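Take a look at the letters that make up each chain.
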Amino acid sequence: MKERKLKPFAGRLTRSIMLTQLIVMGLASVLIYVLVHRTMKNEELEVYKNYLAATHAKVERALADVHVGMVNHMSEIEGSLEQPDHLYAITKCIVEQNSHIRSCGISFVDNYYPQKGHQFSPCAVREEDGQITKRMSDDVRNDYLNQEWFTEALKAEKSYWSKPFFDPTDSVTPLVSYLMPIRNKQGQTVAILNADISLNWLNSLSMPDFIRFQHNQEGDTAADSTSVRANYGLNIWKERQWRFVTIYFIIDKDGTFISHPNKSRIIRDNYFECAKETTDPGDDFVGQRMVAGEKGVYGDEDGNADSFKFFDIPFFSVYTLYEPIEHTDWSIGLAVPGVMIDGFSIGMGVILLLLILLALFVVLVIGWIYIRRTTKPLKQLAGSAKEISKGRFNAPLPWIKHNDEIRLLRDSFKEMQHSLTKYIDELKTTTASKAAIDNELRVAHDIQMGMLPKTFPPYPDRDDIDVYGQLTPAKEVGGDLFDFFIRDEQFYFCIGDVSGKGVPASLVMAVTRSLLRNISAHTSEPSHIVATLNNTLSEGNNTNMFVTLFVGVLNLKNGLLRYCNAGHDAPLLMKDTVKTLPVESNLPVGVMADWKYVAQEICLDRGTVVFLYTDGLNEAENITHEQFGVQRVINVAQQAIAGNDNQIKSVVNRMTSAVHDFVGDAEQSDDLTMLAIGYQGVKNEA
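Not measured: the values here are computed from a predicted model. Here the residue index of a chain counts from 1 through its sequence in written order. In keeping with the predicted nature of the model, local features appear solely for residues at pLDDT of at least 70, side-chain atom pairs appear and are counted solely at 80 or more, and the whole-chain, interface and lining totals rest on all residues. Each side-chain value is worked out from all heavy atoms of the structure, with water and hydrogens disregarded.

K.L.:
Mind showing me how you'd approach the overall build of the protein chain here?
P.N.:
Helix numbers and strand numbers start at the N terminus; a helix is a DSSP run of H or I with at least 4 residues, a strand a run of E with at least 2. Across its full length, the protein chain holds 18 helices and 22 strands. Categorising residues by exposure relies on relative accessible area from a 1.4 Å probe, with only protein chains included: less than 20% of the type maximum marks a residue as buried, more than 50% marks it as exposed, and the intermediate range marks it as partly exposed. With 686 residues in all, the protein chain has 45% of them scored as buried. Within the protein chain, contacts between residues separated by at least 24 positions form 64% of all contacts whose residues are at least 6 apart in sequence. Total accessible area computed for the protein chain in this model is approximately 36,400 Å², and 54% of it derives from carbon and sulfur atoms. Pairs of residues are marked as contacts when any of their non-hydrogen atoms sit within 4.5 Å. Residue burial considers only the protein chains on display, and all accessible areas are found by Shrake-Rupley using a 1.4 Å probe.

K.L.:
For this particular structure, what's the right way to read helix α14 (residues 502–520)?
P.N.:
Side chains three or four residues apart in an α-helix point the same way, a direct result of the helix having 3.6 residues per turn. Helix length check: α14 (19 residues) gives 27 Å between terminal C-alpha atoms against 27 Å at 1.5 Å per residue, within 8%. Listed in full, the buried residues belonging to α14 are Gly-502, Ala-505, Ser-506, Val-508, Met-509, Thr-512, Arg-513, Leu-515, Leu-516, Ile-519 and Ser-520. One fewer than the residue count of a helix, multiplied by 1.5 Å, yields its expected span.

K.L.:
Would you mind going over the environment of Met-545 with me for this structure?
P.N.:
Take Met-545: it is sitting in the loop between α15 (526–538) and β16 (547–555). Along the chain, Met-545 and Val-508 lie 37 residues apart, while their C-alpha atoms are 8.1 Å from each other. In this structure, Met-545 is in contact with Val-498, Ser-499, Pro-504, Ala-505, Val-508 and Gly-590, ignoring residues within four places of it in sequence.

K.L.:
I tried to follow the sheet that holds strand β13 (residues 465–472) on my own but got confused; where do I start?
P.N.:
Pairs of strands are assigned from DSSP output, requiring at least two bridges between the strands. On the basis of which strands lie adjacent, the open sheet formed by 5 strands has the order β13-β22-β21-β18-β19 and antiparallel pairing. The sheet is open, and its two edges are formed by β13 and β19 (578–580), each paired on a single side. Taken over all neighbouring pairs, the strand axes of this sheet differ in orientation by 20° on average, direction set aside. Pairing analysis gives 3 bridges linking strand β18 (residues 572–574) to strand β21 (residues 608–613), with the strands arranged antiparallel. Paired with Met-574 across the bridge in β21 is Val-609. To define axes, lines are fitted to C-alpha atoms, for helices over the stretch in contact only, and angles between the resulting N-to-C directions are given on a 0 to 180 degree scale.

K.L.:
What's the story with the nonpolar core in this structure? I'm lost.
P.N.:
One broad trend across soluble globular proteins is that nonpolar side chains are buried collectively. The term nonpolar core refers to a set of buried residues drawn from Ala, Val, Leu, Ile, Met, Phe, Trp, Tyr and Cys, joined through side-chain atoms within 4.5 Å. Counting residues in hydrophobic clusters, the biggest one holds 58 residues, and the most contacted among them are Phe-108, Ile-182, Leu-193 and Trp-330. At 8 residues, the largest contribution of residues to this core is made by helix α1 (residues 9–72). When residues no more than four places from it in sequence are discounted, the contact partners of Phe-108 are Leu-81, Leu-87, Tyr-113, Phe-120, Pro-122, Tyr-144, Leu-145, Phe-150, Val-190 and Ala-191. Core analysis: the second largest hydrophobic core is formed by 45 residues, Met-509, Met-545, Leu-581 and Tyr-679 among them.

K.L.:
Explain the packing of aromatic side chains here, please?
P.N.:
The relative placement of two aromatic rings is captured by the distance of their centres and the angle of their planes. Any two rings among Phe, Tyr and Trp, with Trp reduced to its six-membered ring, count as a pair given centres within 6.5 Å; such a pair is stacked if its planes are under 30 degrees apart, edge-to-face if over 60, and tilted if neither. Taken as a whole and assessed by the stated rule, the structure comprises 27 aromatic pairs. Relative to Tyr-112, the ring of Phe-108 has its centre 5.3 Å away and its plane inclined at 20°; by these criteria the two rings are stacked. By relative accessible area, Tyr-112 is classed as partly exposed at 25%. Ring geometry for Trp-161 versus Trp-330: centroids 5.7 Å apart, planes at 45°, classification tilted. Within this pair, whereas Trp-161 is found in strand β4 (residues 160–161), its partner Trp-330 is found in the loop between β11 (318–324) and β12 (331–337), the two being separated by 169 residues in sequence. Of the two residues examined, Trp-161 and Trp-330, each falls in the buried class.

K.L.:
Got a minute to help me understand the pairing of strand β17 (residues 560–566) in this structure?
P.N.:
Two faces belong to every sheet, and in a regular strand the side chains alternate between them. Judged by how many residues are buried, β17 sits mostly within the fold: 6 of 7 residues are covered. Two elements, β16 and β17, share 6 bridges in a ladder whose sense is antiparallel. Among the inter-strand pairings, Phe-550 is bridged to a residue of β17, identified as Asn-565. Inspection of the sheet shows β17 paired to strand β20 (residues 600–603) by 4 bridges, in the antiparallel sense. Looking at β20, one finds that Tyr-563 is bridged to Gln-600.

K.L.:
Help me out: how do you make sense of the sheet that holds strand β15 (residues 490–498) in this one?
P.N.:
Sheet strands associate in pairs through backbone hydrogen bonding, adopting either a parallel or an antiparallel arrangement. Strands sit in the order β14-β15-β16-β17-β20 across an open sheet of 5 strands; the sheet is antiparallel. Here the strands that pair on one side only, and so sit at the sheet edges, are β14 (480–487) and β20. Geometrically, the sheet is characterised by an average inter-axis angle of 15° between neighbouring strands, direction not taken into account. Alignment of β14 against β15, held across 8 bridges, turns out to be antiparallel. By the bridge assignment for β15, Arg-487 is matched with Gln-490. Helix-sheet contacts for α14 involve β14, β15 and β16, and the interaxial angle to β14 is about 15°.

K.L.:
How should I be thinking about the pairing of strand β8 (residues 247–251) in this particular structure?
P.N.:
Counting buried positions along β8 gives 5 out of 5 residues, so the element sits mostly inside the fold. Residue alternation in β8 divides its side chains into two sets, Ile-247, Phe-249 and Ile-251 and Tyr-248 and Ile-250, and both sets are buried. As paired elements, β8 and β12 share 5 bridges and run antiparallel to each other. When the sheet's bridge partners are listed, Ile-247 is paired in β12 with Ala-335. With 2 bridges joining them, β8 and strand β9 (residues 257–259) adopt antiparallel strand pairing.

K.L.:
Before we go on, may I ask you to explain the pattern of salt bridges in this structure?
P.N.:
Side chains carrying opposite charge are able to pair once their charged atoms draw close together. By salt bridge we mean one thing: a side-chain nitrogen of Lys or Arg within 4 Å of a carboxyl oxygen of Asp or Glu. In the structure shown here, the tally under the stated rule is 11 salt bridges. Between Lys-49 and Glu-46 there is a salt bridge, with its nearest N and O atoms 3.6 Å apart. Remark: Glu-46 and Lys-49 occur in helix α1; sequence separation between them is 3 residues, near one turn of the helix. Among the ionic pairs, Asp-85 bridges to Lys-116, the shortest N-O distance being 2.8 Å. Residue Asp-85 is located in the loop between α2 (74–79) and α3 (87–97), and its partner Lys-116 is located in the loop between β1 (101–108) and β2 (123–126); the two are separated by 31 residues in the primary sequence. By relative accessible area, which is 32% here, Lys-116 ends up partly exposed. Three or more residues joined by partner-sharing salt bridges are found here, namely Arg-462, Asp-464 and Glu-489.

K.L.:
Looking at this structure, I do not really get unusual backbone geometry. What am I missing?
P.N.:
What you tend to see is this: most non-glycine residues have negative phi, and most peptide bonds are trans. Of note, the amide linkage connecting Phe-456 to Pro-457 takes the cis form, showing an omega dihedral of -5°. With respect to the element layout, Pro-457 can be found in the loop between α13 (405–451) and β13. A positive phi angle, close to 55°, is found at Asn-586, a residue other than glycine. Not every positive phi belongs to a glycine, and Asp-594 is a case in point at roughly 65°. Structurally, Asp-594 can be placed in the loop between β19 and β20.

Here's what the structure looks like:
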């Protein structure tokens, strides 16, 4: 037979451990990733909320400084309304005290100072070199009396920030003005105090230093430049300032950009117009909340490549944080690429996965080496067991230094070696003894069979009697017996069954047969023969063995059959019909001494066949433990008569075939003995 390919146990065990670890660590990693992702996302959002709050505070503080500076000079201005030339000094002082203010002016209503003309607007301007100069209204604005900002400010009756506009002197610098009404003693608004702030300053104020540096290096259109994109990741990680990759912007109530990293969009572009260029509704949602003066966070986790395109964020998803700026109708927003918020948790997940893979690899290598080393003795034990199976009981076993199950298995193998060696030695001795016993049993069988009549027909020179017997022991030797002989023209015969089987029964059978011969040599009375035999066997019968026995003496001249039965099955009488010979049961011999056995007699007709048998015939069992039974014995005998085949040998052979067919493959459980006697003498007329 082809030997199957060996699949090492160490490999299977290692793979099982690795698979278990992979599942457990994988589930743990997923759980940890989810927890880390949620925690880090919340923490990162809090960080960006703080960034927005800080920038928001800076913007509000700058605007508040402008407001406070103007309020602080309001009483001086109102007290100097009678001294118009002194107002130049006040505007200059306001510009000097606040570095964020680009220019400051006081614009009076039409013809307030007739001596000054229809328009009078003293103002101070911070030049590019930092010097502050005085200018007349004609140097700053032309015909401000009819301009929208002035007429609306007069109607407002309170201070506010104007809509953004460009400096009329250069048409490039975006500006926004803080407008405050000036009232005379009668409470009438006679002038508007205005302070202009450059939105370029406000734009730089709302940007972290890293972004501001980037834009200063690349210029106003750097957000669209290829070089910025190329160095994007390098600049982020160069100083480990990935959190600065954010976009701050400010819009007013109409959505006009007041602040934007891309200066070309300030004033010129509107938030909602830009939002129309994208397919993502998230930017529209954010814009609506901002102009409504709300505060919140919007996470565009399902964004696409067009999300917040006007911010030029080179990522797909965007988180937007927003809140209103107090005392204005502005709202500041912070657009953060989603990867900046989710990136840390994703990075943690990747690192965790790499650590798991590394751990699994290390466990695989170390586990494989350790398991292989640990299971090596098992392979050696398997080799030793194979040698033992070939009969080499002294095959060497591996040495196990650890006191574990493998050591126990090795010790068990060693004990098995000793046990097998001892067993084989004992088996050899037992086999030799059994061979001797079998040989002795064969001799005993031969001796036992030699004690029984074996020549048939036994009396070929006589025509008045014919006999045929057969004994089949269940073991090598048996306890059944039959015997017959002729003396003084009388035919002596018997059949018996010793209780038990094997050697003890065969010894009792031999003794019984010898006693029968000796006793019948001195008497021809069957009851006396049986009684004498009973008394002899009963003496010292410590084994409580007994013999069922039938003894008969047939007078060959007149056919008179005298018989005595000792607990044996009744014989059959076969002639024209089959009938059972009437018998007294009596006790089997060897049971009770001095038992009075009843003698019986009957005259046999010529041609009568007496069929005797032991219980090995009627009690024979098939595989279902059903017995052959007396009725089947009678049926076979009737079949023989019906077929004119009542010859004694034929009757025995019929019985033998019938019982063998009935028993089938079942093992023979008892000795089977049959004896057929055919009487051919004359009928006794007496």
